[in-house]
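# Examining the three-dimensional arrangement
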Amino acid sequence: METPRGFGFPPPGQNGPAAAEAAEAAEAGAGEAAEPAPLADDAELDLEADEATARVEETLEALDAELVGLASVKRRVREIASLLQVDRARGQFGLSSSKPTLHMSFTGGPGTGKTTVAMRMAAILHALGYIRAPRVHVVTRDDLVGQFIGHTAPKTKEALARAAGGVLFIDEAYYLFRPENERDYGQEVIEILLTEMENERGDLVVMFAGYPDRMAAFFSANPGLSSRVPHHIVFEDYDHGELMQIAELMVAEENFRFDEGAREAFSDYLTRRMRQPRFSNARSVRNAIERCRLRQARRLVALRRPLGKQDLITITAEDVHGSSVFTEDAEKTGDAPGSEKAGEGAAG
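Remember, predicted model here, so these are calculated numbers, not experimental data.

So, on to the overall build of the protein. Each helix and strand counted, the protein has 16 helices and seven strands in total. By the burial criterion, 42% of the 348 residues in the protein qualify as buried. Pairs at least 24 apart in sequence give 75% of the contacts found in the protein among residues at least 6 apart. Of the accessible surface of the protein, which amounts to about 18,000 Å², a share of 50% is contributed by carbon and sulfur atoms.

Printed below as a string of structure tokens:
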């Protein structure tokens, strides 16, 4: 039995200095192959010895640290990473199989971490050699669909070229399909994507994102597209406790802190805000904290006295209670242009 070892060859699709040197050596008659011969049937492989495994684990740990909750999402990401690690291990033994299809669909409300997960997934795919760069090119309908005949194909192909070797992330993807408009050019985008997703499986990963109900309708209306997307990941809305954890993390990241009164006030704020329209999970939390900072700054300037460090980092209950969410006519105020709630809805 051979000694257990890690991976000693470039991952699939990797083009780097080592690969170039191996090719030059082979041309020079050095007798070195670009890839080692398959392992013997009784050999053993240590996945932990693979350098890429360490990079993947670092990425997964970063994802755990960045995002509160989302246990099912994180579990699915780990499953996909494990699939690719085992696929590489099979290659070491010369076991041929079709390359995993990696196109994905992320469904969930706004502010649930879909873009963050896409970026971390790109890092994992790159570490394991399934894309050439850990790059995520984010687009929407406006970046793909043209205004007149002959305009859509060049726009779509430009976006594909920018994403080549990495990830194309299509946000609010359901807007590509508008069956009520016979002259809409979104269907042309879908047809181009279908071709590229099939022909460029080794050079491009496409991720679609949007609200669950609309994405279900989008895929049901496009069976060819649905069959090319094997990984559907659902992002659940955050609950109140998770949103408070997110708020505490965001405040700390900006070198602020809630005092006890502010913490209680912000918890009350979330309870009220979550019942109102256009709530956008972590995005709404970030917007609310930004406005707390504005009210804190206004309060500190109005003190007209020297300020200490604790003054500058502390958010108080007064800074939170200044929100229109706490007023009796919050709904009317929120509909007014320029109001806090209107700004939150726009941001979300």
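After presenting the structure, the write-up continues.
Take the packing of aromatic side chains next. The description of two aromatic rings rests on the distance between their centres and on the angle between their planes. Going through the model one piece at a time under the given rule, you end up with ten aromatic pairs. Taken together, the ring pairs in this structure connect F258, F266, Y269 and F326 into an aromatic cluster.

Both trends apply: most residues other than glycine have a negative phi, and most peptide bonds are in trans. Phi is positive for E172, close to 50°, though the residue is something other than glycine. Position of E172 among the secondary structure elements: in the loop between β3 (167-170) and α7 (186-199). A positive phi angle, near 65°, is found at R278, a position not held by glycine. Structurally, the position occupied by R278 is in the loop between α11 (260-273) and α12 (282-303). For R278, a relative accessible area of 40% gives the class partly exposed.

Right, let's talk about the sheet that holds strand β1 (residues 104-108) for a bit. The strand order across the open sheet built from five strands is β2-β3-β4-β1-β5, with neighbouring strands paired in parallel fashion. Two strands in the sheet have a free side with no partner beyond their single neighbour: β2 (136-139) and β5 (231-235). Between one strand axis and the next, the sheet turns by 20° as a mean value, whatever way the strands run. Across four bridges, the pairing between β2 and β3 is parallel. Note on β3: the bridge partner recorded for V139 is I170. Across the face of the sheet, helix α4 (residues 114-127) comes into contact with β1, β2, β3, β4 (205-210) and β5 while running at roughly 155° to β1.

A complete count under the given rule lists 14 salt bridges for this structure. For E66, the salt bridge goes to R120, with nearest N and O atoms at 2.8 Å. Highlighted residues: E66 in helix α2 (residues 51-66) and R120 in helix α4, separated in sequence by 54 residues. Here E254 ties to R293 by a salt bridge, and the two come within 3.7 Å at their closest N and O atoms. With E254 in the loop between α10 (240-253) and β6 (257-258) and R293 in helix α12, the pair connects residues that are 39 residues apart, well separated along the chain.

A word on the nonpolar core. When a protein is soluble and globular, its nonpolar side chains tend to lie buried together. By size, the foremost hydrophobic cluster in this structure holds 56 residues, and its most contacted members are F106, M207, F266, V285 and V320. At seven residues, α4 tops the list of elements feeding residues into this core. Within the second largest apolar cluster, 25 residues are counted, among which are V145, Y174, I190 and F208.

Further remarks concern the packing of α2 against helix α3 (residues 71-92). Across the interface, α2 lies against α3 with an axial gap of 11 Å and an inter-helix angle of 175°. Accordingly, the angle class assigned to the pair α2 and α3 is roughly antiparallel. Contacts between α2 and α3 involve A52, T53, V56, E57, L60, L63 and D64 from the former and K74, V77, R78, A81, Q85 and R88 from the latter. When the residues that make up the contact of α2 with α3 are grouped by side-chain class, the tally is six nonpolar, two polar and five charged.

Residues L303, L307 and L312 make up a contiguous nonpolar surface patch of roughly 240 Å² in combined accessible area. Mapping L303 onto the fold places it in helix α12.

Per-residue confidence for the protein gives a mean pLDDT of 83, with 82% of residues at or over 70. Taken as a whole, residues 1-33 scores under 50 in pLDDT and shows 52 contacts with residues more than four places along the chain or in a different chain. Of the regions scoring below 50 in pLDDT, residues 333-348 engages in 35 contacts with residues more than four places distant in sequence or in other chains.

Mapped onto the elements of the fold, V145 is located in the loop between α5 (141-144) and α6 (152-163). Taking the relative accessible area as the measure of exposure, V145 reaches 5% and is therefore buried.

With that out of the way, let us pick up α3. For α3, built from 22 residues, the straight-helix expectation of 32 Å at 1.5 Å per residue is met to within 8% by its first-to-last C-alpha distance of 32 Å. Buried within α3 we find V73, K74, V77, I80, A81, L84, Q85, D87, R88, A89 and Q92. Packed against the buried residues of α3 are α2, β1, α4 and β5. Two residues or fewer after α3 comes G94, characterised by a positive phi angle close to 75°.

Calculation rules
- The residue count restarts for each chain, going from 1 along the sequence in the order it is written.
- Per-residue local features are limited, in this predicted model, to residues with pLDDT of at least 70; the limit for side-chain atom pairs, both in listing and counting, is 80 or more; totals at the level of whole chains, interfaces and linings are taken over all residues.
- Side-chain numbers here rest on the full set of heavy atoms in the structure, without hydrogens or water.
- Elements are defined by DSSP. Helices are runs of H or I of four residues or more, strands are runs of E of two residues or more, and each kind is numbered from the N terminus.
- Only protein chains enter the accessibility calculation, which uses a 1.4 Å probe. A residue is then buried if its area is under 20% of the maximum for its type, exposed if over 50%, and partly exposed in between.
- Two residues form a contact once any of their heavy atoms are found within 4.5 Å.
- All accessibility values rest on the Shrake-Rupley procedure with a 1.4 Å probe; residue burial counts only the protein chains present in the view.
- Pairing of aromatic side chains here covers Phe, Tyr and the six-membered ring of Trp, requires ring centres within 6.5 Å, and sorts the geometry by plane angle: under 30 degrees stacked, over 60 edge-to-face, intermediate tilted.
- Pairing between two strands is assigned when DSSP locates at least 2 bridges connecting them.
- Under this scheme, a helix contributes an axis fitted over its contacting stretch, all axes are lines through C-alpha atoms, and angles between N-to-C directions fall in the 0 to 180 degree range.
- By definition, a salt bridge exists where a carboxyl oxygen of Asp or Glu is found within 4 Å of a side-chain nitrogen of Lys or Arg.
- By convention a nonpolar core is built from buried Ala, Val, Leu, Ile, Met, Phe, Trp, Tyr and Cys residues, the set being connected through side-chain atoms within 4.5 Å.
- Here is the rule for angles: anything less than 35 degrees is roughly parallel, anything more than 145 is roughly antiparallel, 65 through 115 is roughly perpendicular, and the remaining ranges are oblique.
- Three residue categories are used. Nonpolar comprises Ala, Val, Leu, Ile, Met, Phe, Trp, Tyr, Cys and Pro, charged comprises Asp, Glu, Lys and Arg, and polar comprises the others, including Gly.
- The patches reported here contain residues having more than 30% relative accessible area and no salt bridge. Joining distances are 9 Å for like charges and 5 Å for nonpolar side chains (Val, Leu, Ile, Met, Phe, Trp, Tyr).
- pLDDT measures the predictor's confidence residue by residue and takes values from 0 up to 100.
- Expected helix span is computed as 1.5 Å times (number of residues minus one).

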